[in-house]
Amino acid sequence: MNIDFSKSAHGLIPAIIQDNETKTVLMLGYMNAEAYQKTIDTQKVTFFSRSKQRLWTKGEESGNFLNLVDIKIDCDNDTFLVKVNPVGPTCHTGTDNCWQDSNNQEYGFISKLENTIKNRKENASSDKSYVASLFEKGINKIAQKVGEEAVEVVIEAKDNNDHLFLNESADLLFHYLILLQAKGFQLNDVVSILKEREK
């Protein structure tokens, strides 16, 4: 990498720390040339601490290391993006990151949909939505709907109508998310099992 440590004050370059799995930004630190090299050599993120005026490996006292996955420099050669696998909380306050956000895997719209389904489940007795009505009917009805939608996906997969296939696929995913909630789980629980199977 073409790193220009001379562009910033005292030879320090900002280092944005991002969880490699969840993509959550965990913290911001600063690296000089020595901190960068130590990070590369040890595979544990090391900063130059402006308060301690020395190299500081994150986790050297707490054990909450940031294990290096990848490090990139931006287009101006003066900011790092450091992807890590964190060990424990990142912030010194004990939170997952320095903005007090939880460091959970998010799936954009799918996570939003899961939250809506969860809310409808929790308010099923007063909610008049389709989702709430399924929860009111119980697990057998929810499981039956997943089975019906799965069969419809298979039927449409054998045809040439992509529009119908995608719509039935959306119905299947939607009802599967409802089934997961009915059983007390979320998509992350399934993803964790898939990760365990990764070879």
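Criteria and thresholds
- Residues numbered from 1 in each chain as written.
- Predicted model: local features only at pLDDT ≥ 70, side-chain atom pairs only at ≥ 80, totals over all residues.
- Heavy atoms only, no water.
- Helix = DSSP H or I, 4+ residues; strand = E, 2+ residues; numbered from the N terminus.
- Rg over C-alpha atoms; globule rule 2.2 N^0.38 Å.
- Domains from an automatic or database assignment.
- Core = buried A, V, L, I, M, F, W, Y, C linked by side-chain atoms within 4.5 Å.
- Buried < 20%, exposed > 50% of the residue type's maximum accessible area, 1.4 Å probe, protein only.
- Contact = heavy atoms within 4.5 Å.
- Salt bridge = Lys/Arg side-chain N within 4 Å of Asp/Glu carboxyl O.

A closer look at the overall build of the chain
Along the backbone of the chain there are six helices and six strands. In the chain, the succession of helices and strands from N to C terminus is β-β-α-β-β-β-β-α-α-α-α-α. For a compact globule of 199 residues, the expected C-alpha radius of gyration is about 16 Å, and the chain comes in at 23 Å, more than 25% above that figure. Based on the C-alpha atoms only, the size of the chain along its principal axes is roughly 65 × 40 × 30 Å.

Section: the domain arrangement of the chain
Interface size, as often reported, equals the accessible area lost upon joining of the parts. Per the domain assignment, the segments making up the chain are domain 1 (9-86) and domain 2 (108-197). For domain 1 versus domain 2, the separation of C-alpha centres amounts to 40 Å.

Let's talk about the nonpolar core
Core analysis: the largest hydrophobic core is formed by 19 residues, its most contacted members being Ile-17, Met-31, Val-45, Phe-47, Leu-66, Phe-80 and Val-82. Counting only elements with at least two residues in this core, the list comes to strand E1 (13-19), strand E2 (25-31), helix H1 (33-42), strand E5 (66-73) and strand E6 (80-86). Ignoring any residue separated from it by four or fewer positions in sequence, one finds Leu-66 in contact with Ile-17, Leu-26, Met-27, Gln-43, Lys-44, Val-45, Phe-47, Lys-58, Val-84, Asn-85, Pro-86 and Thr-90. Core analysis: the second largest hydrophobic core is formed by 15 residues, Ala-124, Ala-132, Leu-134 and Leu-179 among them.

Some words on unusual backbone geometry
A positive phi angle, close to 65°, is found at Gln-43, a residue other than glycine. Relative to the helices and strands, Gln-43 resides in the loop between H1 and strand E3 (46-49). Residue classification places Gln-43 among the partly exposed positions, given a relative accessible area of 39%.

Points about the pattern of salt bridges
When their charged atoms lie close together, side chains carrying opposite charge are able to pair. Going through the model one piece at a time under the given rule, you end up with five salt bridges. Notably, a salt bridge pairs Glu-60 with Arg-54, separated by 3.0 Å at the nearest N-O pair. When its relative accessible area of 35% is taken as the criterion, Glu-60 is described as partly exposed. Across the salt bridge formed by Lys-145 and Glu-149, the nearest N and O atoms sit 3.6 Å from each other. Of this pair, Lys-145 and Glu-149 are both found in helix H4 (residues 139-157), four residues apart, which corresponds to roughly one turn of the helix. Judged on exposure class, the residue Lys-145 and its partner Glu-149 are both buried. Each member of the salt-bridge network shares a partner with another, and the members are Lys-145, Glu-148 and Glu-149.

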